[in-house]
Amino acid sequence: QVQLVESGGGLVQAGGSLRLSCAASGRTFSSYVMGWFRQPPGKEREFVAVITGSGLFTYYADSVKGRFTISRDNAKSTVYLQMNSLRPEDTAVYYCAATVRVTRNQNEYHDWGQGTQVTVSS
């Protein structure tokens, strides 16, 4: 198991940027595939992005492709989500999660952070 703590959320105007961080405990961080998910108000939680353990491969939801970038620093046991050109529809609670293989299916992620709120005003 790995413990995850997100930070970096907040209120931003449309067109602005935020960088989310997710700090992980444990010595085997590089062995985990890490994903970001979000839950907009009144909606189901949805996939945002995923990154392999090495950081070499990344995959994105169509809704964020070209605007968001997922990255990781295994020496710091941290995964990031750089969010640019934010839109009001990006407003959500953002979660990071860990799994053992690349997948967009949230049911395959075994450890989750507590979430961080991102609010984009128009």
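Just above sits the structure.
Residues numbered from 1 in each chain as written. Predicted model: local features only at pLDDT ≥ 70, side-chain atom pairs only at ≥ 80, totals over all residues. Heavy atoms only, no water.

1. A closer look at the state of the cysteines
Simply put, the disulfide is a covalent bond whose two ends are the sulfur atoms of two cysteines. Applying the stated criterion to the full structure yields one disulfide. Across the disulfide, Cys22 is cross-linked to Cys96 (sulfur-sulfur distance 1.9 Å). Every disulfide takes its handedness from the sign of the S-S torsion; for Cys22 and Cys96 that torsion is 55°, giving right-handed. Of this pair, Cys22 sits in strand E3 (residues 18–24) while Cys96 sits in strand E9 (residues 92–99), and the two are 74 residues apart along the sequence. (Disulfide = S-S within 2.5 Å. Helix = DSSP H or I, 4+ residues; strand = E, 2+ residues; numbered from the N terminus.)

2. Comments concerning the pattern of salt bridges
Going through the model one piece at a time under the given rule, you end up with five salt bridges. Two residues, Asp62 and Lys65, come together in a salt bridge whose shortest N-O distance is 3.2 Å. Note on Asp62: relative accessible area 66%, which makes it exposed. In this structure, Glu108 and Arg101 form a salt bridge, with 2.9 Å as the shortest nitrogen-oxygen distance. When its relative accessible area of 28% is taken as the criterion, Glu108 is described as partly exposed. Take Arg101: its relative accessible area is 47%, and that puts it in the partly exposed class. Through salt bridges with shared partners, a single network forms among Arg38, Glu46, Arg67 and Asp90. (Salt bridge = Lys/Arg side-chain N within 4 Å of Asp/Glu carboxyl O. Buried < 20%, exposed > 50% of the residue type's maximum accessible area, 1.4 Å probe, protein only.)

3. Side note on the nonpolar core
In this structure, Met34, Trp36, Leu81, Met83 and Tyr94 are the most contacted members of the largest nonpolar core, which totals 35 residues. Those elements that place two or more of their residues in this core are E3, strand E4 (33–39), strand E5 (46–51), strand E7 (68–73), strand E8 (78–83), E9 and strand E11 (116–121). (Core = buried A, V, L, I, M, F, W, Y, C linked by side-chain atoms within 4.5 Å.)

4. Digging into the packing of aromatic side chains
With the rule as written, the count across this model stands at five aromatic pairs. Centre to centre, the rings of Phe37 and Phe47 are 5.8 Å apart; their planes meet at 75°, and the pair counts as edge-to-face. In this pair, Phe37 sits in strand E4 while Phe47 sits in strand E5, placing the two residues 10 residues apart along the sequence. For Phe37, a relative accessible area of 0% corresponds to the buried category. Ring geometry for Phe37 versus Trp112: centroids 5.1 Å apart, planes at 50°, classification tilted. Here Trp112 lies in strand E10 (residues 111–112) and Phe37 lies in strand E4, a separation of 75 residues in the sequence. (Phe/Tyr/Trp six-rings, centres within 6.5 Å; stacked < 30°, edge-to-face > 60°.)

5. Details of the environment of Ala14
Mapped onto the fold, Ala14 is located in the loop between strand E2 (10–13) and E3. Residues Ala14 and Gln106 lie 92 residues apart in sequence; the distance between their C-alpha atoms is 28 Å. Here Ala14 is in contact with Leu86, Pro88, Val120, Ser121 and Ser122, once residues within four sequence places are set aside. (Contact = heavy atoms within 4.5 Å.)

6. Some words on the side chain of Arg67
Within the fold, Arg67 resides in the loop between strand E6 (58–60) and E7. Setting aside its immediate chain neighbours within four residues, Arg67 contacts Gln82, Met83, Asn84, Ser85, Leu86, Arg87 and Asp90.

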